[in-house]
Amino acid sequence: MTDRQKFFQKAFPFWDKISKEEQKIILDSSSLQKFSAEENIHDSTECTGILVVKSGLIRVYMLSSTGKEITLYKLNPYEVCALSASCILSNINFDIFVDAEKDSEVYLINPYKYKELKDENIYIESFTNSVINQSFSDAMWIMEQILFMSFDKRLAIFLLEESISSKSDVLTLTHDYIAKNMGTAREVVSRMLKYFQTEGIVSLSRGTVAIIDKSKLKKLL
């Protein structure tokens, strides 16, 4: 078994349930591409295809009417993005953008080849629907935060999620980065972080936010 076969076997729960011929179609219609940090992988004008992250970190986001970026979710190795192949998905008009958050390697699977398999195989269709449903669930969660949560609660959630992702309470984050991911202005982030600092929740230094009282941060939720 090749490295690519082993990778897809882990990334796709349906891999061992489909035929060797179907596996070969996926393998033959996929290409491994490298992207530098902050490089665009997909925008709303393209039908890039199914994305499967091999290494690095991928950010999926949308643009507000004022041009602000709002991060919907991030993808780690072995995770899949199907919304980047919206041209093959019925009744879905959902403009997203995908960038590499870090230097990344991503498998791109031809959308039309994938659609042929999806339309004929219940296992692939079920998996694809599950990925899409999770994507919409993540997007709705972000919209709910923006519409109904106070900013201090949203920022607390963001910092706790970043802490879990990085496995550290010392976060290498600029105010600009936080604002970009949360779809707000840098000044709003800076004011709230300074408030958190005066409350003894975080400690701030250039390019770093250190969580010093996680229990206080959690009480904001």
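**Quick look at the state of the cysteines**
- Across all of its chains, the model carries 1 disulfide by this definition.
- The side chain of Cys 47 participates in a disulfide bridge whose partner is Cys 87; the two sulfur atoms lie 1.5 Å from each other. The S-S bond linking Cys 47 to Cys 87 shows a torsion near -50°; that makes this disulfide left-handed. Here Cys 47, found in the loop between strand E2 (40-42) and strand E3 (50-55), pairs with Cys 87, found in the loop between strand E6 (80-81) and strand E7 (97-100); they are 40 residues apart in sequence, far enough to count as distant.
- We classify Cys 87 as partly exposed; its relative accessible area is 38%.
- Cys 81 takes part in no disulfide bond, and the closest cysteine sulfur to it belongs to Cys 47, at a distance of 11 Å.

**Remarks on the sheet that holds strand E8 (residues 104-109)**
- A sheet is described by the order of its strands in space; here 4 strands give the open sequence E1-E8-E3-E6, paired in antiparallel fashion. Taken across any chain shown, the strands that pair with only one partner, and hence form the sheet edges, are strand E1 (30-35) and E6.
- Where E3 lies against E8, 5 bridges are found, and the strand directions are antiparallel. From the neighbouring strand, Val 52 faces E8, where its bridge partner is Tyr 107.
- Strand contacts of helix H1 (residues 3-11): E1, E3, E6 and E8, with the helix running at about 110° to E3, the strand carrying the most contacts.

**Quick word on a nonpolar patch on the surface**
- A contiguous nonpolar patch, built from Ile 146, Leu 147 and Phe 148 and spanning about 350 Å² of accessible area, is present on the exposed surface.
- As for its placement among the helices and strands, Leu 147 is situated in helix H4 (residues 122-148).

**A word on unusual backbone geometry**
- The phi dihedral of Tyr 78 is positive, around 80°, even though this residue is not glycine.
- You can see Tyr 78 is positioned in the loop between strand E5 (69-75) and E6.

Conventions we followed
- Residues numbered from 1 in each chain as written.
- Predicted model: local features only at pLDDT ≥ 70, side-chain atom pairs only at ≥ 80, totals over all residues.
- Heavy atoms only, no water.
- Disulfide = S-S within 2.5 Å.
- Helix = DSSP H or I, 4+ residues; strand = E, 2+ residues; numbered from the N terminus.
- Buried < 20%, exposed > 50% of the residue type's maximum accessible area, 1.4 Å probe, protein only.
- Pairing = 2+ DSSP bridges.
- Contact = heavy atoms within 4.5 Å.
- Axes fitted to C-alpha atoms, helices over the stretch in contact; angles between N-to-C directions.
- Patch = residues over 30% accessible without salt bridge, like charges linked within 9 Å, V, L, I, M, F, W, Y side chains within 5 Å.
- Areas by Shrake-Rupley, 256 points an atom, 1.4 Å probe, with all protein chains shown as cover.
- Salt bridge = Lys/Arg side-chain N within 4 Å of Asp/Glu carboxyl O.

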